[in-house]
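Residues per chain, in single letters:
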Amino acid sequence: MKWTLQSIEMLLASNGDLNNRDEDGRTALMWTVFYNDTALAERLLTQGVGVNVDIDDSIGKTPLIVALERGHLHLAEILLQKGADINVQTTSSNETALRVAARKDYLEFVDKLIAAGVELDGRNQHAETALTTAMKRGHFKIADKLIAAGCTVNARTLYGHSLLNNAVCVDSLDMVAKLLKAGADVNAAYSGVRDTPLLNAVVSMSFNPKITQLLLDAGADVNAVRGRSYRDDNTAECNVLVLASKYGTLDAVKMLLAAGAVLDGTDLKERTALMRALEKGNQELVEVLTNAQKIDDFLSGISVDYGTDNDMFASRVANKFVNFISAGKKYKGSSFATIDKSVIQ
């Protein structure tokens, strides 16, 4: 049997079984939704005897999911009013009505589903939630609604991608802030490659210092290391500072140094951040890292030179160091071997 709009009309007139399925498992209601015949669908739902709004097809799609996928929102609302199951998942991909609405950017319908008590964290075959989908598509108004409704902000996809990493990668300062406020794990890393949100932020082609500072303020691991399984051996096993140096991001390097990044981290070929800067021929970066190394060497010898008030002196030097590094300056052109307390009073 193959449903046509004409055969549906005839069956309705004869009070036939409107829940019969065709060879693809589709009912008369499914076909009226597919063809966006609102009038016939309403007649089926009001005049038909025992019409089941939730009978799915051979791949588990219900009329509600089909209506949303095809953009027939008026029919989707009618089905919602008639009690359609809002939490059913397709058998082929575990698709849900909420995920379809998030993917299609149907903000008002997402609101209706939330109000109807939809399951917020249903996952598809890739373990993506509706919030994950909204973030990936750049549908930030929907993402905002879902976060406010209580969606899990630490959900991971099958490949280990986190929502916070997604927000960083699409350069959304607002979403990074909202996810962090909602309790997102600031150090959630991809599986295998172990890229954290901070690591992705500093290597971004469109480096955003505001996002980077948000992550640092939230406690991001400034010395996180990229995994060995990363596809590019030149950046595998690099810490954040080495990667920032490799990509020539001067502001990122300054911010990491100010946050306490270690200078002796290396990549697989045992190259430090300073060595990567030299390879790139980035003179400003070389100067900043060289000065940082001099200060680091100097601080390591304070206990020998200054004894009991070591902690106070080290604290003052460190504060000065942050200010000078942030400004990209040398420390008065001095040799750090000759600095004494009077310099930093």
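Residues numbered from 1 in each chain as written. Predicted model: local features only at pLDDT ≥ 70, side-chain atom pairs only at ≥ 80, totals over all residues. Heavy atoms only, no water.

Student: What exactly am I supposed to notice about helix α9 (residues 140–149) here?
Tutor: When we look at burial in α9, the residues that qualify are Ile142, Ala143, Leu146 and Ile147. In an axial view of α9, the angular spread of the buried residues amounts to 135°, which keeps them on one side of the axis. Of the residues in α9, the exposed ones pointing more than 90 degrees away from the buried face are Lys141 and Ala148. Buried-residue contacts for α9 involve α6 (97–103), α7 (107–115), α8 (130–137) and α11 (173–181). (Buried < 20%, exposed > 50% of the residue type's maximum accessible area, 1.4 Å probe, protein only. Helix = DSSP H or I, 4+ residues; strand = E, 2+ residues; numbered from the N terminus. Arc of directions from axis to C-beta. Contact = heavy atoms within 4.5 Å.)

Student: What exactly am I supposed to notice about the pattern of salt bridges here?
Tutor: A side chain with one charge can pair with a side chain of the opposite charge if their charged atoms come near. With the rule as written, the count across this model stands at 16 salt bridges. Across the salt bridge formed by Asp111 and Lys145, the nearest N and O atoms sit 3.4 Å from each other. Of the two residues, Asp111 sits in helix α7 while Lys145 sits in helix α9, which places them 34 residues apart along the sequence. A relative accessible area of 29% means that Asp111 is categorised as partly exposed. The exposure class of Lys145 is partly exposed, given its relative accessible area of 34%. Via salt bridges that share partners, Glu95, Arg99, Arg103, Glu128 and Lys136 belong to a single interconnected network. (Salt bridge = Lys/Arg side-chain N within 4 Å of Asp/Glu carboxyl O.)

Student: Is there a simple way to think about the packing of helix α1 (residues 5–13) against helix α3 (residues 38–47) in this case?
Tutor: For any two helices packed against each other, one specifies the crossing angle of their axes together with the interaxial distance. Closest axis-to-axis distance for the α1/α3 pair is 11 Å, and the angle between their directions is 25°. Considering their axes alone, α1 and α3 lie roughly parallel with respect to each other. Considering how the two elements wind past one another, α1 and α3 form a crossing that is left-handed. Here Leu5, Ile8, Glu9 and Leu12 of α1 lie close against α3, whose contacting residues are Leu40, Arg43, Leu44 and Gln47. (Axes fitted to C-alpha atoms, helices over the stretch in contact; angles between N-to-C directions. Parallel < 35°, antiparallel > 145°, perpendicular 65-115°, else oblique. Left-handed = near helix turned anticlockwise from the far one by under 90°.)

Student: Explain the packing of aromatic side chains here, please?
Tutor: How two aromatic rings sit relative to each other is given by the distance of their centres and the angle of their planes. Evaluated as defined, the whole model comprises three aromatic pairs. Their ring planes at 70° and their centres at 5.3 Å tell us that Trp31 and Phe34 sit as a pair that is edge-to-face. Here Trp31 and its partner Phe34 are both found in helix α2 (residues 28–34), three residues apart, which amounts to about one turn of the helix. What makes Trp31 buried here is its relative accessible area of 8%. Between Trp31 and Tyr35 the ring centres are 5.5 Å apart and the planes differ by 25°, which places this aromatic pair in the stacked class. Grouped by ring-pair contacts, the aromatic residues Trp31, Phe34 and Tyr35 constitute a single cluster. Residue placement shows Arg70 over the ring face of Phe34; its charged tip is 3.8 Å from the ring centre. One residue, Lys246, lies across the ring of Tyr247, its end atom 5.4 Å from the ring centre. (Phe/Tyr/Trp six-rings, centres within 6.5 Å; stacked < 30°, edge-to-face > 60°. Lys NZ or Arg CZ within 6 Å of the ring centre and 35° of its normal.)

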